Amino acid sequence: MHMKTVKPKKNLGQHFLTDLGIAHRIADTVDACPGLPILEIGPGMGVLTQFLAQKPRELKAVEIDRESVVYLNEHFPKLRDNILGDDFLRMDLTKVFGGRPFVLTGNYPYDISSQIFFKMLDYRELIPCCTGMIQREVAQRLASPPGNKAYGILSVMIQAWYNVEYLFTVDENVFNPPPKVKSAVIRMSRNERTDLGCDEALFRRIVKTVFNQRRKMLRVSLRQLFTAATQPPQDFFQQEMMTLRPEQLSVDDFISLTNSVKKIWAKGCPSQGE
């Protein structure tokens, strides 16, 4: 009997993994976070799903491509009610497993992988662990320590809440169609931090502001955060940190920077309040 297959759709950024050995290795990355149910993003034709389904845990898969949903329902009858035809970026993740924490995994659609991880951050108390495959460049960014060209907005935002491990690199020729870039498998596990210790919205704004001018020293890029009413004291820009470029700052540096900016704002402009 001829098996019907799903054609990879360019507009969904689909690259189907064809190497079963690699699929098996990716599936096994969730073993480091035992006992929790698993949510797989973008199962496509189920190459990863088949190995995840062998694990003694609850499994759901979210797939935006209707053709894939039909295929998965035919080939994984046991998962019938657990294939969610939905857009992960729009889902309320508290409803997926009735509010219980879960592991996120998948061979992620490369063009939205950063958005997927920013969404994970919004639900970080529900997602103690996230594993899967993304393009190598994004994996390097996620895992990069400070002082590195790959270190940027994504690195700081994710590493504030997760420890990131770069597990292994995957060659482009194990996909149909082959992507133009190499891929990599990562694992992110929630760190010990329960509270950022600063104003989170301001932290995000500062990180974005300085990395948008990543070649400039902080004393230059930070000026745009202040108005005539909230000018910082003279010694603020004379601190040693101000001669650094953003990629030299750790998460903790960004947290203390956020707190000093907040203090200056509060002094100069009571309406902003604490």
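It should be noted that the structure appears before, not after, this text.
Before going into details, it helps to say that this report is about the structure given with it. (Residues numbered from 1 in each chain as written. Predicted model: local features only at pLDDT ≥ 70, side-chain atom pairs only at ≥ 80, totals over all residues. Heavy atoms only, no water.)

### A few points about unusual backbone geometry
The peptide bond linking Asn176 to Pro177 adopts the cis configuration, its omega dihedral lying at -15°. When you line up the elements, Pro177 lands in the loop between β8 (175–176) and β9 (183–190). (Helix = DSSP H or I, 4+ residues; strand = E, 2+ residues; numbered from the N terminus.)

### Focus on the state of the cysteines
The final tally for this structure, using the stated rule, is one disulfide. Shown here is the disulfide that connects Cys33 with Cys129, its sulfur atoms set 1.9 Å apart. Taken as a pair, Cys33 in the loop between α1 (20–27) and β2 (38–41) and Cys129 in strand β6 (residues 129–135) lie far apart in primary sequence, 96 residues in all. Judged by its relative accessible area of 9%, Cys33 falls in the buried class. Cys130 forms no disulfide, and the closest cysteine sulfur to it belongs to Cys129, at a distance of 7.3 Å. The buried category is assigned to Cys130, whose relative accessible area is 0%. (Disulfide = S-S within 2.5 Å. Buried < 20%, exposed > 50% of the residue type's maximum accessible area, 1.4 Å probe, protein only.)

### A closer look at α1
Along α1, the residues classified as buried are Ile22, Ala23, Ile26 and Ala27. End-on view of α1: buried residues confined to an arc of 140°, all on one side of the axis. Looking at the buried side of α1, the elements it contacts are β1 (16–17), α2 (49–52), β6, β7 (162–170) and β9. A side-chain oxygen of the first residue of α1 lies 2.9 Å from the backbone nitrogen of Gly21; this N-cap is Asp19. (Arc of directions from axis to C-beta. Contact = heavy atoms within 4.5 Å. Polar contact = N/O pair within 3.5 Å; in protein donor to acceptor, adjacent residues only side chain to side chain.)

### What to know about the pairing of β2
Two faces, one strand: in a regular strand the side chains alternate between the faces of the sheet. By the alternation rule, side chains of β2 split into Ile38 and Glu40 and Leu39 and Ile41, which are all buried. Sheet topology note: the β2/strand β3 (residues 59–62) ladder contains four bridges and is parallel. The partner of Ile38 across the bridge, within β3, is Leu59. Where β2 lies against strand β5 (residues 103–106), four bridges are found, and the strand directions are parallel. From the neighbouring strand, Glu40 faces β5, where its bridge partner is Thr105. (Pairing = 2+ DSSP bridges.)

### Topic: the pattern of salt bridges
Within this structure, the stated rule accounts for 16 salt bridges. A salt bridge links Glu125 to Arg124, with the shortest nitrogen-to-oxygen separation between them at 3.8 Å. Relative accessible area serves as the criterion here: at 57%, Glu125 is assigned to the exposed category. Between Glu172 and Lys182 there is a salt bridge; the shortest N-O distance is 2.8 Å. Taken together, the residues Glu172 in the loop between β7 and β8 and Lys182 in the loop between β8 and β9 connect sequence positions ten residues apart. Given a relative accessible area of 22%, Glu172 falls into the partly exposed group. Because the salt bridges share partners, they merge into one network encompassing Arg124, Glu125, Arg190, Glu200 and Arg204. (Salt bridge = Lys/Arg side-chain N within 4 Å of Asp/Glu carboxyl O.)

### Re the packing of aromatic side chains
Inspection of every chain in the model, using the stated rule, returns seven aromatic pairs. For the ring pair Tyr108 and Phe117, a centre distance of 5.4 Å and an interplane angle of 80° mean the geometry is edge-to-face. Relative accessible area serves as the criterion here: at 2%, Tyr108 is assigned to the buried category. A ring pair is formed by Phe211 and Phe254, whose centres lie 5.9 Å apart and whose planes are at 35°; its orientation type is tilted. Of this pair, Phe211 sits in helix α7 (residues 200–211) while Phe254 sits in helix α9 (residues 251–268), and the two are 43 residues apart along the sequence. (Phe/Tyr/Trp six-rings, centres within 6.5 Å; stacked < 30°, edge-to-face > 60°.)

### Notes on the sheet that holds β6
Pairing within the open sheet is mixed, and its seven strands lie in the order β4-β3-β2-β5-β6-β9-β7. Strands with a single pairing partner mark the edges of an open sheet, and in this sheet they are β4 (83–84) and β7. When β3 meets β4, the two strands line up parallel, connected through two bridges. Residue pairing across strands places Val62 opposite Leu84, the latter belonging to β4.

### Digging into the nonpolar core
Of all hydrophobic cores here, the largest spans 58 residues; its most connected members are Leu104, Phe117, Leu142, Ile158, Met188 and Phe203. With residues up to four places along the chain from it excluded, the contact list for Phe203 reads Val156, Met157, Ala160, Leu196, Cys198, Val251, Phe254, Ile255 and Thr258. (Core = buried A, V, L, I, M, F, W, Y, C linked by side-chain atoms within 4.5 Å.)

### Thoughts on the environment of Cys129
Taking the relative accessible area as the measure of exposure, Cys129 reaches 1% and is therefore buried. With 113 residues separating them in the primary sequence, Cys129 and Phe16 have C-alpha atoms 24 Å apart. Beyond its immediate chain neighbours, meaning those up to four positions away, Cys129 contacts Cys33, Phe102, Val103, Leu104, Arg187 and Met188.

### With respect to the environment of Gln239
Along the chain, Gln239 falls in the loop between α8 (218–221) and α9. In this structure, the C-alpha to C-alpha distance between Gln239 and Asn259, residues 20 residues apart in sequence, is 15 Å.

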